[in-house]
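A structural walkthrough
What follows is the residue order along each chain.
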Protein chains: 2
Amino acid sequence: MIEVTARLLWRQGLRATGMDQIVRESKAPRGSIYFHFPKGKEQLAVEALRVAGAVMTANITEALDQRDAVTAVKKFVAVYAKEMEASAFHHGCPIATVALEAATTSPAIREVCAAVFGAWEDLLAQRMERDGFGKKDARKYAVVTLSLLEGAMILCRARRTTRPLRDVAEHLAESLRGKGRSTRARRG
Amino acid sequence: MIEVTARLLWRQGLRATGMDQIVRESKAPRGSIYFHFPKGKEQLAVEALRVAGAVMTANITEALDQRDAVTAVKKFVAVYAKEMEASAFHHGCPIATVALEAATTSPAIREVCAAVFGAWEDLLAQRMERDGFGKKDARKYAVVTLSLLEGAMILCRARRTTRPLRDVAEHLAESLRGKGRSTRARRG
């Protein structure tokens, strides 16, 4: 159920996803959904977003363990651009659509989205510190990186092209490449 | 009707906005809405987004007529950060929520969102050319600027803080300040 819900939220957002569709696609008995999630769709959505966020967070953790932030973002963009094209631009960020929909309507859902974004920002900031940025710069560039990717994915999906993602990855590489290292070199 | 619809889409998004609420808040007779918009909510939403987009486009045109892109973005961020706070983070981009919601569900709405984003990108790119950037760079930095602002507004609304908007404005100023001018200086 949670997996089906996460997938539907990813593609359609919160409001377009109804309990009927979740029941139908998960093939779970309706009673068992309401047994596990007595508060209905909002509660199920919170769990689904937590899981989708955690899966993405695990992927980001692994990606950033192995390479510096700029290289990791480049790789992410290459993979995600293909994913977007393959899905006919149905796949974007698994959190963003719901975060905007819930911003004014559901504090519980908004909070889980905020926590997921916060976890991604933390991972990026930690990696950037290891790449040689100072604490304050690492935090700022983490926010910049997330904003660039989230914003570009909106433009990609609206315009059905992956060019914005490629543009922002290029910009990020130009802006940050060498910067962290040179800081470290100066200090070392 | 169009104004009420635009305002509801801005705050709530597409799916949360029903014809009942539009009828109630616009105080228009239901029959007249269906007379003017026989195809119902989708058609009304397309018109409302066109108008909301055009209002924003006019504001952007005016802002970019009077100052370089970096200064204009700084000013936009200062004004918009206040607007977000004053609205308890109900106000974000008037297009983004609906663009994501419609990406997989309504080609007509997706297309009008794409056209609005395209108009904003064109205005930014034209201004950046006047600021001294080459055609290709101007186009790329226009996409970067839009992505930064759109992405930051998602983070602001999810986390109920305006810090992301301020962070990306600072980054943009650092990245672009002097660049266009120095290009022009080198060429001049």
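Report follows, based on the coordinates.

Calculation notes
Residues numbered from 1 in each chain as written. Chains lettered and ligands numbered in written order. Predicted model: local features only at pLDDT ≥ 70, side-chain atom pairs only at ≥ 80, totals over all residues. Helix = DSSP H or I, 4+ residues; strand = E, 2+ residues; numbered from the N terminus. Buried ≥ 20, exposed ≤ 12 C-beta atoms within 10 Å, placed from the backbone. Least-squares fit on C-alpha atoms with pLDDT ≥ 70 in both. Contact = placed C-beta atoms within 7 Å. Expected span 1.5 Å × (residues − 1). Axes fitted to C-alpha atoms, helices over the stretch in contact; angles between N-to-C directions. Parallel < 35°, antiparallel > 145°, perpendicular 65-115°, else oblique. Left-handed = near helix turned anticlockwise from the far one by under 90°. Nonpolar A, V, L, I, M, F, W, Y, C, P; charged D, E, K, R; others polar. Core = buried A, V, L, I, M, F, W, Y, C linked by C-beta atoms within 7 Å.

Description of the overall build of chain A
In terms of regular secondary structure, chain A is built from 10 helices and zero strands. The secondary structure elements of chain A, listed N-terminal to C-terminal, are α-α-α-α-α-α-α-α-α-α. With the principal axes as the frame, chain A shows a C-alpha extent of 65 × 30 × 30 Å. Considering chain A as a whole, with its 188 residues, one finds that 47% of them fall into the buried category.

Details of the relation of the copies chain B and chain A
When chain B is fitted onto chain A, the two copies agree to an RMSD of 0.0 Å after a turn of 180° and an axial shift of 0.0 Å. Taken together, the turn and the small shift mark the pair as related by a two-fold rotation axis. In terms of C-alpha distance to the rotation axis, chain B has Gly151(B) as its closest residue, with the C-alpha 1.9 Å off the axis. Mapped onto chain A, 100% of the interface residues of chain B again fall at the interface, so both copies present the same surface.

Considerations on helix α4 (residues 41–66) of chain B
Residue and element names in this part refer to chain B. In this model, α4 (26 residues) spans 38 Å end to end at C-alpha, consistent with the 38 Å of a helix rising 1.5 Å per residue. For α4, every residue scored as buried is listed here: Leu-44, Ala-45, Val-46, Ala-48, Leu-49, Ala-52, Gly-53 and Leu-64. Lining the buried residues of α4 we find α1 (2–12), α2 (19–26), α5 (69–86), α6 (96–102) and α7 (107–130).

A few points about the packing of helix α7 (residues 107–130) of chain A against helix α8 (residues 135–159) of chain B
Their axes nearest at 8 Å, the elements α7(A) and α8(B) cross at an angle of 125°. In terms of axis orientation, α7(A) runs oblique to α8(B). With respect to the hand of their crossing, α7(A) and α8(B) are arranged in left-handed fashion. Note on element contacts: α8(B) touches α7(A) through Leu155(B), Ala158(B) and Arg159(B), opposite Arg110(A), Cys113(A), Ala114(A) and Phe117(A). Here the contact of α7(A) with α8(B) is composed, by residue class, of five nonpolar, no polar and two charged.

Observations regarding the interface of chain B and chain A
Taken together, the 41 residues of chain B in the interface contact 41 residues of chain A. Elements supplying a minimum of two residues to the side of chain B that touches chain A: α1, α6, α7, α8 and α9 (163–176) of chain B. Sorting elements by how many residues they give to the side of chain B that touches chain A places α8(B) first, with 15 residues. The residue makeup of the side of chain B that touches chain A, split by class, is 20 nonpolar, 11 polar and 10 charged.

Points about the nonpolar core
Grouped together as the largest cluster of nonpolar side chains are 122 residues, with contacts concentrated most on Leu49(A), Ala99(A), Cys113(A), Leu49(B), Ala99(B) and Cys113(B). Beyond its immediate sequence surroundings of up to four residues, Leu49(B) is in contact with Leu9(B), Ile95(B), Val98(B), Ile109(B), Val112(B), Cys113(B) and Val116(B).

Remarks on the environment of Thr97(A)
Relative to the helices and strands, Thr97(A) resides in helix α6 (residues 96–102). With 31 C-beta atoms packed within 10 Å, Thr97(A) lands in the buried category. Along the primary structure Thr97(A) and Thr57(A) are separated by 40 residues, whereas in three dimensions their C-alpha atoms are 17 Å apart. In contact with Thr97(A), not counting residues within four places along its chain, are Gly13(A), Gly92(A), Leu100(B) and Glu101(B).

Concerning the environment of Lys74(A)
Residue and element names in this part refer to chain A. Along the polypeptide, Lys-74 turns up in helix α5 (residues 69–86). What makes Lys-74 partly exposed here is the crowd of 17 C-beta atoms within 10 Å. C-alpha separation for the pair Lys-74 and Val-168, spaced 94 residues apart in sequence, amounts to 9.5 Å. The residues touching Lys-74, leaving out its near neighbours within four places in the chain, are Ala-169 and Ala-173.

So, the packing of helix α4 (residues 41–66) of chain A against α7(A)
All names here are of chain A. Direction vectors running N to C along α4 and α7 enclose 5°, while the axes themselves pass 9 Å from each other. Here α4 is positioned roughly parallel relative to α7, judged by the angle of their axes. Counted together, Glu-42, Ala-45, Val-46, Leu-49, Arg-50, Gly-53, Thr-57, Ile-60, Thr-61 and Leu-64 of α4 and Ala-108, Ile-109, Val-112, Cys-113, Val-116, Ala-119, Trp-120, Leu-123 and Arg-127 of α7 form the full contact between these two elements. The class makeup of the residues in the contact of α4 with α7 is 13 nonpolar, three polar and three charged.

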